[in-house]
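Descriptive analysis of the structure
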Amino acid sequence: MKKEERELLLRERLEEMKTYERAFYGKDVFYVAGMDEAGRGPLAGPVVAAAVILPPDFDLLGVDDSKKLTEKKREALFEPIKEQAVAYGMGMADHRTIDEINILEATKLAMKRAVEALEVRLAEKRPGGAVQHLLIDALTLKDVPIPQTGIVKGDSKSVSIAAASILAKVTRDRMMVEYDIRYPGYGFASNKGYGTKAHYAGIETQGICPIHRKTFLKSVLQGKLYEK
């Protein structure tokens, strides 16, 4: 495919993904935040959430569901998204919290923290500004008093949710690379905490490490719950 044809397709894709956000701009709603998370499925590490408000004229090509992008592409988009965003916020819930309240509630907590961080950053950049609507990938946050729309597969339908998915994924992946240095032998740098063969082999030979989610490993450990 020629470069011009590829760019045209990317621009058409970008305009298509602005549909949800554009629906609000004509209703005096300017601060529409997309939200997504990374890390619900891994056996180790935190769940990380991001909330992103993009400007109506956002023109960064290639933004899409983080799962559809290569690691190299996600890394390339990470800083430009932050630079073009009206504001963004990050939130996290660690492995202990996940074990205490379960992964769904921990995900919601991480998202709530991302919204709180977003509100602070937005107020710093746009005095008097406040988030007016949340677009969330497949969830709603009952204890967050902001109008919301949950969108199934929202990370492939909404550009702001897609942007949030990239920020959350890159942030968490970088954390897992750092954890790999601290806790070698599990392959965290490559598997990011997911249950790969190498990861399970590491658990078998070394036991679990301090960032493992014990509630995710009950069937594996079965009474031999020990830490490296």
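Residues numbered from 1 in each chain as written. Predicted model: local features only at pLDDT ≥ 70, side-chain atom pairs only at ≥ 80, totals over all residues. Heavy atoms only, no water.

1. Details of the overall build of the protein
Heads up, the condition is: Put simply, DSSP H or I for four residues or longer makes a helix, DSSP E for two residues or longer makes a strand, and each gets a number counted from the N terminus. It is over C-alpha atoms that the radius of gyration is taken, and the globule rule equals 2.2 Å times the number of residues to the power 0.38. Throughout, a residue-residue contact means that at least one pair of heavy atoms, one from each residue, lies within 4.5 Å. Calculation of accessible area relied on Shrake-Rupley with a 1.4 Å probe; when residues are assessed, cover is drawn exclusively from the protein chains displayed.
Helices and strands together make up the secondary structure of the protein, namely 9 helices and 5 strands. Shown N-terminal to C-terminal, the secondary structure of the protein runs as helices and strands in the order α-α-β-β-α-β-α-α-β-β-α-α-α-α. The C-alpha atoms of the protein give 19 Å as radius of gyration, which agrees with the globular expectation for 228 residues (17 Å, within 12%). Overall size of the protein, expressed as C-alpha extent along the three principal axes, is 60 × 45 × 30 Å. Restricting to contacts in the protein with at least 6 residues of sequence separation, those with at least 24 account for 67%. Only carbon and sulfur atoms are counted for the fraction: they give 54% of the accessible area of the protein, which is about 11300 Å².

2. Thoughts on the sheet that holds strand β1 (residues 32-38)
Where we set the bar: Strand pairing requires that DSSP identify at least two bridges connecting the strands. Every angle, taken between N-to-C directions, lies between 0 and 180 degrees, and every axis is a line fitted to C-alpha atoms, over only the stretch in contact when it is a helix.
Read across the open sheet, the 5 strands follow the order β3-β2-β1-β4-β5; overall the sheet is mixed. Both edges of this open sheet fall to β3 (87-93) and β5 (148-151), since each of them pairs with a single strand only. Averaged over all pairs of adjacent strands, the angle between their axes in this sheet comes to 20 degrees, without regard to strand direction.

3. Brief notes about empty space enclosed by the protein
Counted only if it meets this: Here a cavity means grid points, on a 1 Å grid over the protein atoms only, where a 1.4 Å probe fits yet cannot get out; a pocket means an open set of points with protein on both sides within 12 Å along at least five of seven lines; lining residues are those with an atom within 4 Å of a point. Grid points are joined across faces, edges and corners, and a volume is the space filled by probe spheres set on the points.
Per the stated rule, a full pass over the model turns up 1 cavity of 30 Å³ or more. Of the pockets and cavities examined, the largest cavity occupies roughly 40 Å³. What lines the largest cavity is simply Lys18, Glu21, Tyr25, Leu54, Pro55, Pro56, Phe58 and Val159.

4. Structural notes on the layout of surface pockets
For the record, the criterion: Put simply, Ala, Val, Leu, Ile, Met, Phe, Trp, Tyr, Cys and Pro go in the nonpolar bin, Asp, Glu, Lys and Arg in the charged bin, and everything else, Gly too, in the polar bin.
Taken as a whole, the largest pocket holds about 290 Å³ of empty space. What lines the largest pocket is a set of 19 residues, among which Glu37, Ala38, Gly39, Lys67 and Tyr194 lie closest to the centre. By residue class, the composition of the lining of the largest pocket is 4 nonpolar, 4 polar and 11 charged.

Just geometry here; none of it tells us what the structure is for.
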